[in-house]
Amino acid sequence: IYGGTYMLDKSIDEIVYENGQVVGVKSQGEIARTKCVIGDPSYFPDKVKKVGQVVRAICILNHPIPNTKDALSCQLIIPQNQVGRNNDIYVCCVSYAHNVASDKHYIAIVSTTVETSNPEDELKHGLSLL
């Protein structure tokens, strides 16, 4: 599709490197050569290091986010210092106008970096805006 090779629902035997650069993906004995591989970090355990964790809520709404002039899409950033946190809280909303939800519905995503042992509670300021 559009000049790319998609390997969906296939097991990955290995990521192929030459001189430290990725050159392909080996699956079921075949190598798909490429200049770039996009994949979940679990495919690259020796190339990634966990430095944090994100908590996110995906919400289906039947109304736009209040006080946004009925915007069909918007992004809100709640600054960390306004809610006593070390990290901002992000609220993103897209709608049926973007063909991501059924007619007159909205998808809102609230997310932030985890700071406590109760990550769900860390979303409350963002969720209260919905």
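Computed from a predicted model, the values in this text were never measured in an experiment.

Draft legend 1. Layout of the overall build of the chain. A count of helices and strands for the chain gives one helix and seven strands. Sequence-ordered secondary structure for the chain, helices as α and strands as β, is β-β-β-β-β-β-β-α. Scaling as 2.2 N^0.38, a compact globule of 130 residues should have a C-alpha radius of gyration of about 14 Å, whereas the chain reaches 20 Å, well beyond that. With the C-alpha coordinates of the chain rotated into their principal frame, the extents come out at 55 × 35 × 20 Å. Restricting the contact set of the chain to residue pairs at least 6 apart, pairs at least 24 apart contribute 43%. On the chain, roughly 9500 Å² of surface is accessible, and the fraction owed to carbon and sulfur atoms is 50%. Considering the chain, the positive charge centre built from 12 side chains and the negative charge centre built from 14 side chains are found 4 Å apart.

Draft legend 2. Broad picture of the environment of Glu30. Positionally, Glu30 belongs in strand β3 (residues 30–33). Apart from residues no more than four positions distant in its own chain, Glu30 is found in contact with Lys10 and Val25.

Draft legend 3. Inspection of the packing of aromatic side chains at higher detail. Per the counting criterion, the structure on display carries one aromatic pair. Note on Tyr96 and Tyr106: the rings are 5.9 Å apart at their centroids and 85 degrees apart in plane angle, and the pair reads as edge-to-face. Taken together, the positions of Tyr96 in the loop between β6 (89–95) and β7 (106–113) and Tyr106 in strand β7 put the pair 10 residues apart, joining distant regions of the chain. The class of Tyr106 is buried, set by a relative accessible area of 6%.

Draft legend 4. Main features of the environment of Met7. Within the secondary structure, Met7 is located in the segment before β1 (14–18). Its relative accessible area of 24% is what places Met7 among the partly exposed residues. Between the C-alpha atoms of Met7 and Glu115, which are 108 residues apart in sequence, the distance is 36 Å. Met7 has contacts with Val25, Ser27 and Ala32, leaving out every residue within four places of it along the chain.

Draft legend 5. Here's a closer look at the nonpolar core. Membership of the largest hydrophobic core comes to 17 residues, with the highest contact counts inside it found for Cys59, Leu61, Ile65, Cys93, Ala108, Val110 and Leu130. At the level of elements, β4 (54–61), β5 (74–78), β6 and β7 are the ones that each hand at least two residues to this core. Looking at which element gives the most residues to this core, the answer is β4, with four residues.

Draft legend 6. Seen up close, the sheet that holds β1. On the basis of which strands lie adjacent, the open sheet formed by three strands has the order β1-β2-β3 and antiparallel pairing. Each edge of the sheet is formed by a strand with only one pairing partner; in this case those strands are β1 and β3. Here the average twist between neighbouring strands, direction ignored, is 35 degrees. Pairing of strand β2 (residues 21–27) with β3 involves four bridges; the strand directions are antiparallel. Considered in β3, the bridge of Val25 is made with Ala32.

Draft legend 7. Broad picture of the sheet that holds β6. Judged by pairing direction, the sheet is antiparallel, and its four strands sit side by side in the order β4-β7-β6-β5 without closing on themselves. This sheet does not close on itself; its edge strands, each paired only once, are β4 and β5. Direction aside, the axes of adjacent strands within the sheet are offset by 15 degrees on average. Two elements, β4 and β7, share eight bridges in a ladder whose sense is antiparallel. Bridge pairing in β7 places Val55 opposite Thr112.

What counts, and at which threshold
- Residues numbered from 1 in each chain as written.
- Predicted model: local features only at pLDDT ≥ 70, side-chain atom pairs only at ≥ 80, totals over all residues.
- Heavy atoms only, no water.
- Helix = DSSP H or I, 4+ residues; strand = E, 2+ residues; numbered from the N terminus.
- Rg over C-alpha atoms; globule rule 2.2 N^0.38 Å.
- Contact = heavy atoms within 4.5 Å.
- Areas by Shrake-Rupley, 256 points an atom, 1.4 Å probe, with all protein chains shown as cover.
- Lys, Arg positive; Asp, Glu negative; His and termini not counted.
- Charge placed at Lys NZ, Arg CZ, Asp CG, Glu CD.
- Phe/Tyr/Trp six-rings, centres within 6.5 Å; stacked < 30°, edge-to-face > 60°.
- Buried < 20%, exposed > 50% of the residue type's maximum accessible area, 1.4 Å probe, protein only.
- Core = buried A, V, L, I, M, F, W, Y, C linked by side-chain atoms within 4.5 Å.
- Pairing = 2+ DSSP bridges.
- Axes fitted to C-alpha atoms, helices over the stretch in contact; angles between N-to-C directions.

Spatial relationships are all this shows, so hold off on functional conclusions.
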